Amino acid sequence: MSIPFLTKDHLAHGAVERIAPGVRRLVCNNPSAFTFRGTNTYLIGDGQVAVLDPGPEDAAHLAAILRATEGETITRVLVSHTHRDHSPGARPLVAETGAMTYGFGPHVTPPDAGGEGGDHGFQPDVRLADGEVLEGDGWRLTALHTPGHCANHLCFALEGTGILFSADHVMSWSTSVVSPPDGDMADYMRSLDRVMARDDRLLLPGHGAPLADPKPFLAALKSHREEREAKVLAALRAAGRATPAELVPPVYGPLDPRLVGPAGRSLLSHLIKLEGEGQARREGEAWSPLG
(Lines give C-alpha, C1' and ligand atoms only; values in the text may rest on other atoms or scores of the structure.)
Protein backbone atom coordinates (compact mmCIF):
# COMPACT_ATOMS: atom_id res chain seq x y z
CA MET A 1 0.00 0.00 0.00
CA SER A 2 1.45 3.39 -0.97
CA ILE A 3 1.62 6.09 1.69
CA PRO A 4 -0.03 9.41 0.71
CA PHE A 5 2.96 11.57 1.63
CA LEU A 6 2.65 15.34 1.62
CA THR A 7 5.53 16.37 -0.64
CA LYS A 8 5.01 20.14 -0.43
CA ASP A 9 5.29 22.53 2.49
CA HIS A 10 5.14 26.18 1.53
CA LEU A 11 5.85 27.78 4.91
CA ALA A 12 8.87 30.05 4.43
CA HIS A 13 11.83 29.74 6.76
CA GLY A 14 11.50 32.35 9.48
CA ALA A 15 7.75 32.83 8.88
CA VAL A 16 5.05 31.87 11.39
CA GLU A 17 1.89 29.92 10.61
CA ARG A 18 -1.08 29.75 12.96
CA ILE A 19 -2.46 26.23 12.69
CA ALA A 20 -5.13 26.28 15.39
CA PRO A 21 -6.04 28.46 18.37
CA GLY A 22 -2.95 28.58 20.55
CA VAL A 23 -0.74 26.68 18.06
CA ARG A 24 1.83 28.27 15.73
CA ARG A 25 4.56 26.69 13.56
CA LEU A 26 7.97 27.80 12.31
CA VAL A 27 10.41 25.83 10.11
CA CYS A 28 14.14 25.93 10.72
CA ASN A 29 16.35 26.36 7.66
CA ASN A 30 18.13 22.99 8.09
CA PRO A 31 16.96 21.03 5.03
CA SER A 32 18.46 17.63 4.21
CA ALA A 33 17.61 14.18 2.92
CA PHE A 34 16.46 13.35 6.46
CA THR A 35 14.83 16.61 7.62
CA PHE A 36 12.88 17.59 4.47
CA ARG A 37 12.71 21.43 4.46
CA GLY A 38 13.80 21.61 8.11
CA THR A 39 12.72 21.00 11.68
CA ASN A 40 9.28 22.19 12.75
CA THR A 41 9.16 24.26 15.92
CA TYR A 42 5.77 24.73 17.54
CA LEU A 43 4.63 27.58 19.78
CA ILE A 44 1.88 26.46 22.15
CA GLY A 45 -0.20 29.05 23.93
CA ASP A 46 -0.49 32.82 23.63
CA GLY A 47 1.08 35.18 26.13
CA GLN A 48 2.67 32.43 28.20
CA VAL A 49 4.26 30.22 25.53
CA ALA A 50 5.71 26.71 25.46
CA VAL A 51 8.18 26.03 22.63
CA LEU A 52 8.22 22.46 21.32
CA ASP A 53 11.39 21.30 19.54
CA PRO A 54 13.57 24.41 19.18
CA GLY A 55 15.66 22.58 16.56
CA PRO A 56 19.42 22.68 16.08
CA GLU A 57 21.62 25.52 17.26
CA ASP A 58 20.82 28.05 14.55
CA ALA A 59 21.05 31.80 15.13
CA ALA A 60 18.49 32.70 12.46
CA HIS A 61 15.95 30.22 13.81
CA LEU A 62 16.47 31.41 17.38
CA ALA A 63 15.87 34.97 16.20
CA ALA A 64 12.69 33.85 14.40
CA ILE A 65 11.35 32.20 17.58
CA LEU A 66 12.09 35.30 19.65
CA ARG A 67 10.56 37.57 16.99
CA ALA A 68 7.41 35.43 16.81
CA THR A 69 6.97 35.63 20.60
CA GLU A 70 7.83 39.31 21.01
CA GLY A 71 5.73 40.74 23.84
CA GLU A 72 5.08 37.23 25.18
CA THR A 73 6.94 35.08 27.72
CA ILE A 74 8.49 31.72 26.84
CA THR A 75 8.07 29.70 30.04
CA ARG A 76 8.76 26.14 28.86
CA VAL A 77 10.94 24.48 26.24
CA LEU A 78 9.70 20.99 25.36
CA VAL A 79 11.82 18.40 23.55
CA SER A 80 10.21 15.48 21.74
CA HIS A 81 13.53 13.57 21.50
CA THR A 82 17.25 14.15 21.58
CA HIS A 83 18.35 13.98 17.97
CA ARG A 84 20.61 16.84 16.93
CA ASP A 85 18.02 18.44 14.67
CA HIS A 86 15.53 18.81 17.56
CA SER A 87 17.06 19.56 20.95
CA PRO A 88 20.36 21.53 20.74
CA GLY A 89 18.46 24.78 20.11
CA ALA A 90 17.13 24.52 23.65
CA ARG A 91 20.43 25.77 25.10
CA PRO A 92 20.55 29.21 23.43
CA LEU A 93 16.78 29.60 23.81
CA VAL A 94 17.01 28.96 27.55
CA ALA A 95 19.95 31.37 27.76
CA GLU A 96 17.75 34.07 26.19
CA THR A 97 14.56 33.36 28.13
CA GLY A 98 15.38 31.50 31.35
CA ALA A 99 12.69 28.94 30.50
CA MET A 100 12.68 25.43 31.99
CA THR A 101 13.31 22.43 29.72
CA TYR A 102 11.10 19.33 29.62
CA GLY A 103 11.66 15.92 28.03
CA PHE A 104 11.58 12.19 28.66
CA GLY A 105 15.24 12.21 29.67
CA PRO A 106 18.77 12.38 28.22
CA HIS A 107 19.78 10.47 25.12
CA VAL A 108 19.77 6.77 26.01
CA THR A 109 22.54 5.36 23.80
CA PRO A 110 26.10 6.68 24.31
CA PRO A 111 28.15 7.72 21.24
CA ASP A 112 30.51 4.75 21.45
CA ALA A 113 27.54 2.34 21.47
CA GLY A 114 25.83 3.64 18.34
CA GLY A 115 24.31 6.85 19.63
CA GLU A 116 26.30 9.17 17.40
CA GLY A 117 23.19 11.01 16.18
CA GLY A 118 22.15 12.07 19.65
CA ASP A 119 22.38 15.36 21.48
CA HIS A 120 24.27 14.01 24.48
CA GLY A 121 24.47 17.41 26.17
CA PHE A 122 20.73 17.71 26.71
CA GLN A 123 19.47 17.02 30.23
CA PRO A 124 15.89 18.20 30.82
CA ASP A 125 15.21 20.24 33.92
CA VAL A 126 11.97 18.27 34.27
CA ARG A 127 11.58 14.66 33.14
CA LEU A 128 8.20 13.77 31.68
CA ALA A 129 6.92 10.26 32.27
CA ASP A 130 4.44 8.58 29.96
CA GLY A 131 0.99 10.05 30.59
CA GLU A 132 2.29 13.08 32.46
CA VAL A 133 0.32 16.28 31.94
CA LEU A 134 1.51 19.86 31.42
CA GLU A 135 -0.93 22.74 31.66
CA GLY A 136 -0.76 26.36 30.55
CA ASP A 137 -3.17 29.21 30.02
CA GLY A 138 -5.85 27.66 27.80
CA TRP A 139 -4.02 24.44 26.95
CA ARG A 140 -3.28 21.00 28.38
CA LEU A 141 -0.67 18.61 26.97
CA THR A 142 -0.28 14.89 27.72
CA ALA A 143 3.12 13.32 27.08
CA LEU A 144 3.02 9.95 25.29
CA HIS A 145 6.19 7.86 25.34
CA THR A 146 6.52 6.53 21.79
CA PRO A 147 9.93 4.84 21.45
CA GLY A 148 11.04 3.42 18.13
CA HIS A 149 12.61 6.22 16.11
CA CYS A 150 14.46 7.25 19.28
CA ALA A 151 14.33 5.56 22.68
CA ASN A 152 13.29 8.73 24.52
CA HIS A 153 10.77 9.91 21.93
CA LEU A 154 7.62 11.67 23.11
CA CYS A 155 4.48 12.67 21.25
CA PHE A 156 2.28 15.30 22.86
CA ALA A 157 -1.52 15.31 22.76
CA LEU A 158 -3.18 18.71 22.97
CA GLU A 159 -6.18 17.66 25.01
CA GLY A 160 -9.66 18.63 23.85
CA THR A 161 -8.53 19.51 20.33
CA GLY A 162 -7.80 16.25 18.50
CA ILE A 163 -4.27 17.51 17.79
CA LEU A 164 -1.23 15.28 18.30
CA PHE A 165 2.30 16.62 18.01
CA SER A 166 3.74 13.45 16.45
CA ALA A 167 7.35 14.70 16.09
CA ASP A 168 9.48 12.13 14.20
CA HIS A 169 7.34 9.12 15.12
CA VAL A 170 4.93 9.94 12.29
CA MET A 171 6.04 12.47 9.69
CA SER A 172 3.92 13.64 6.77
CA TRP A 173 6.66 13.70 4.11
CA SER A 174 8.50 10.39 4.68
CA THR A 175 8.84 7.34 6.86
CA SER A 176 11.04 7.62 9.96
CA VAL A 177 14.50 6.07 10.11
CA VAL A 178 14.68 3.40 12.83
CA SER A 179 18.37 2.88 13.52
CA PRO A 180 19.54 0.42 16.20
CA PRO A 181 20.44 0.35 18.97
CA ASP A 182 18.63 3.56 19.98
CA GLY A 183 15.98 2.91 17.34
CA ASP A 184 13.93 -0.26 17.73
CA MET A 185 11.46 -1.57 15.16
CA ALA A 186 9.46 -3.65 17.63
CA ASP A 187 9.07 -0.57 19.82
CA TYR A 188 8.22 1.51 16.76
CA MET A 189 5.39 -0.80 15.72
CA ARG A 190 3.97 -0.87 19.25
CA SER A 191 4.12 2.92 19.40
CA LEU A 192 2.46 3.14 15.97
CA ASP A 193 -0.38 0.93 17.19
CA ARG A 194 -0.78 3.23 20.17
CA VAL A 195 -1.15 6.28 17.94
CA MET A 196 -3.50 4.41 15.59
CA ALA A 197 -5.77 3.56 18.52
CA ARG A 198 -6.31 7.26 19.19
CA ASP A 199 -8.88 9.45 17.45
CA ASP A 200 -6.75 12.44 16.50
CA ARG A 201 -7.92 14.68 13.67
CA LEU A 202 -4.62 16.42 13.02
CA LEU A 203 -1.00 15.30 13.38
CA LEU A 204 1.70 17.96 13.63
CA PRO A 205 4.99 16.28 12.70
CA GLY A 206 8.61 17.15 13.40
CA HIS A 207 9.22 17.62 9.66
CA GLY A 208 6.71 18.40 6.92
CA ALA A 209 3.26 19.91 6.67
CA PRO A 210 0.37 19.30 9.09
CA LEU A 211 -1.41 16.01 8.42
CA ALA A 212 -5.22 16.17 8.54
CA ASP A 213 -7.44 13.07 8.68
CA PRO A 214 -4.49 10.88 9.71
CA LYS A 215 -6.21 7.49 9.99
CA PRO A 216 -5.77 6.43 6.32
CA PHE A 217 -2.17 7.68 6.40
CA LEU A 218 -1.43 5.69 9.57
CA ALA A 219 -3.01 2.54 8.13
CA ALA A 220 -0.87 2.89 5.00
CA LEU A 221 2.22 3.52 7.11
CA LYS A 222 1.65 0.36 9.14
CA SER A 223 1.00 -1.72 6.00
CA HIS A 224 4.18 -0.34 4.46
CA ARG A 225 6.26 -1.38 7.47
CA GLU A 226 4.69 -4.86 7.46
CA GLU A 227 5.30 -5.25 3.72
CA ARG A 228 8.91 -4.13 4.15
CA GLU A 229 9.44 -6.69 6.90
CA ALA A 230 7.97 -9.43 4.70
CA LYS A 231 10.42 -8.41 1.94
CA VAL A 232 13.32 -8.56 4.39
CA LEU A 233 12.39 -12.07 5.46
CA ALA A 234 11.84 -13.21 1.85
CA ALA A 235 15.19 -11.77 0.75
CA LEU A 236 16.94 -13.40 3.70
CA ARG A 237 15.38 -16.77 2.89
CA ALA A 238 16.39 -16.40 -0.76
CA ALA A 239 19.98 -15.55 0.20
CA GLY A 240 20.25 -18.16 2.96
CA ARG A 241 22.82 -16.01 4.72
CA ALA A 242 23.48 -12.27 4.22
CA THR A 243 24.53 -9.03 5.84
CA PRO A 244 22.06 -6.13 6.11
CA ALA A 245 24.02 -4.25 3.39
CA GLU A 246 23.64 -7.21 1.04
CA LEU A 247 19.89 -7.25 1.60
CA VAL A 248 19.35 -3.54 0.85
CA PRO A 249 19.19 -3.87 -2.99
CA PRO A 250 16.62 -6.70 -3.13
CA VAL A 251 14.50 -5.12 -0.40
CA TYR A 252 14.64 -1.42 -1.31
CA GLY A 253 15.55 -1.38 -5.00
CA PRO A 254 17.33 1.71 -6.43
CA LEU A 255 18.00 4.35 -3.77
CA ASP A 256 19.42 7.84 -3.47
CA PRO A 257 23.03 7.10 -2.40
CA ARG A 258 22.50 9.29 0.67
CA LEU A 259 19.78 6.91 1.82
CA VAL A 260 21.60 3.59 1.39
CA GLY A 261 23.20 3.72 4.86
CA PRO A 262 19.99 4.67 6.69
CA ALA A 263 18.10 1.99 4.73
CA GLY A 264 20.60 -0.56 5.97
CA ARG A 265 20.05 0.62 9.54
CA SER A 266 16.26 0.30 9.24
CA LEU A 267 16.71 -3.11 7.62
CA LEU A 268 18.89 -4.16 10.57
CA SER A 269 16.10 -3.05 12.90
CA HIS A 270 13.68 -5.35 11.03
CA LEU A 271 16.16 -8.22 11.39
CA ILE A 272 16.48 -7.62 15.13
CA LYS A 273 12.68 -7.64 15.42
CA LEU A 274 12.54 -10.91 13.44
CA GLU A 275 15.23 -12.34 15.72
CA GLY A 276 13.11 -11.49 18.75
CA GLU A 277 10.19 -13.31 17.11
CA GLY A 278 12.28 -16.43 16.39
CA GLN A 279 12.35 -15.93 12.61
CA ALA A 280 16.01 -14.96 12.10
CA ARG A 281 19.39 -15.59 13.67
CA ARG A 282 22.49 -13.39 13.80
CA GLU A 283 25.82 -14.99 12.91
CA GLY A 284 28.48 -12.33 13.40
CA GLU A 285 27.80 -9.64 10.79
CA ALA A 286 25.54 -11.93 8.78
CA TRP A 287 22.01 -13.18 9.34
CA SER A 288 20.20 -16.42 8.54
CA PRO A 289 16.49 -17.30 8.46
CA LEU A 290 14.92 -19.66 10.96
CA GLY A 291 11.95 -21.88 10.33
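Residues numbered from 1 in each chain as written. Predicted model: local features only at pLDDT ≥ 70, side-chain atom pairs only at ≥ 80, totals over all residues. Heavy atoms only, no water.

Engineer: Is there a simple way to explain the side chain of Thr82 in this structure?
Structural biologist: Positionally, Thr82 belongs in the loop between β5 (73-78) and α2 (90-97). A relative accessible area of 1% means that Thr82 is categorised as buried. Within polar-contact distance, the side chain of Thr82 engages the side chain of His107 at 2.7 Å. Non-local contacts of Thr82, meaning those with residues more than four positions away in its chain, are made with Ser87, Gly105, Pro106, His107, Gly117, Gly118, Asp119, Phe122, Cys150 and Asn152. (Helix = DSSP H or I, 4+ residues; strand = E, 2+ residues; numbered from the N terminus. Buried < 20%, exposed > 50% of the residue type's maximum accessible area, 1.4 Å probe, protein only. Polar contact = N/O pair within 3.5 Å; in protein donor to acceptor, adjacent residues only side chain to side chain. Contact = heavy atoms within 4.5 Å.)

Engineer: I tried to follow the packing of helix α3 (residues 185-196) against helix α6 (residues 257-276) on my own but got confused; where do I start?
Structural biologist: When two helices pack together, their arrangement is given by the angle between the helix axes and the distance between those axes. Contact pair α3 / α6: the axes reach a minimum separation of 8 Å and the direction vectors enclose 85°. The pairing of α3 with α6 is recorded here as roughly perpendicular in orientation. Packed against α3, whose contacting residues are Met185, Ala186 and Met189, the element α6 presents Ser266, Ser269, His270 and Lys273 at the interface. (Axes fitted to C-alpha atoms, helices over the stretch in contact; angles between N-to-C directions. Parallel < 35°, antiparallel > 145°, perpendicular 65-115°, else oblique.)

Engineer: Would you take a moment to explain the layout of surface pockets for this structure?
Structural biologist: Summary: where empty space remains is shown by rolling a probe the size of a single water molecule over the atoms. Taken as a whole, the largest pocket encloses approximately 1,000 Å³ of empty space. What lines the largest pocket is a set of 37 residues, among which Phe34, His149, Ser176, Val177 and Pro262 lie closest to the centre. Looking at which element gives the most residues to the lining of the largest pocket, the answer is α6, with four residues. Class assignment for the residues of the lining of the largest pocket results in 13 nonpolar, 17 polar and seven charged. (1 Å grid on protein atoms, 1.4 Å probe; cavity = no way out; pocket = protein on both sides within 12 Å on 5 of 7 lines; lining within 4 Å. Points joined across faces, edges and corners; volume = space filled by probe spheres on them. Nonpolar A, V, L, I, M, F, W, Y, C, P; charged D, E, K, R; others polar.)

Engineer: Just checking my understanding: could you explain the nonpolar core for this structure?
Structural biologist: The tendency in soluble globular proteins is for nonpolar side chains to be buried as a group. Core analysis: the largest hydrophobic core is formed by 20 residues, its most contacted members being Ile44, Leu78, Leu141, Phe156, Leu158 and Phe165. Elements that contribute at least two residues to this core include exactly β3 (40-44), β4 (48-52), β9 (139-145), β10 (154-158), β11 (163-167) and β12 (202-205). Leaving out residues up to four positions away in the same chain, Phe165 has contacts with Val23, Tyr42, Ile44, Leu52, Leu141, Cys155, Phe156, Leu158 and Leu204. Counting 18 residues, the second-largest nonpolar core is a separate cluster that includes Ile3, Ala157, Tyr188 and Leu192. (Core = buried A, V, L, I, M, F, W, Y, C linked by side-chain atoms within 4.5 Å.)

Engineer: In this structure, what is going on with the UniProt feature "domain: Metallo-beta-lactamase" (unreviewed entry) in the protein? I would like to understand it.
Structural biologist: In the numbering used here, UniProt assigns the feature "domain: Metallo-beta-lactamase" (unreviewed entry) to residues 38-207. The span residues 38-207 is 18% helical and 28% strand by assignment, and the distance between its end C-alpha atoms comes to 6 Å. (UniProt positions renumbered as here; feature names shortened; annotations may be inferred.)

Engineer: How should I be thinking about α3 in this particular structure?
Structural biologist: Working note: α-helix, 3.6 residues per turn, so residues spaced by three or four point in the same direction. Compared with the 16 Å implied by 1.5 Å per residue over twelve residues, the 16 Å span of α3 between its first and last C-alpha is a close match. Buried within α3 we find Met185, Ala186, Tyr188, Met189, Ser191, Leu192 and Val195. Where α3 is buried, its residues touch β11, α4 (214-239) and α6. One side-chain oxygen at the N-terminal end of α3 lies 3.0 Å from the backbone nitrogen of Ala186; it belongs to Asp184. (Expected span 1.5 Å × (residues − 1).)

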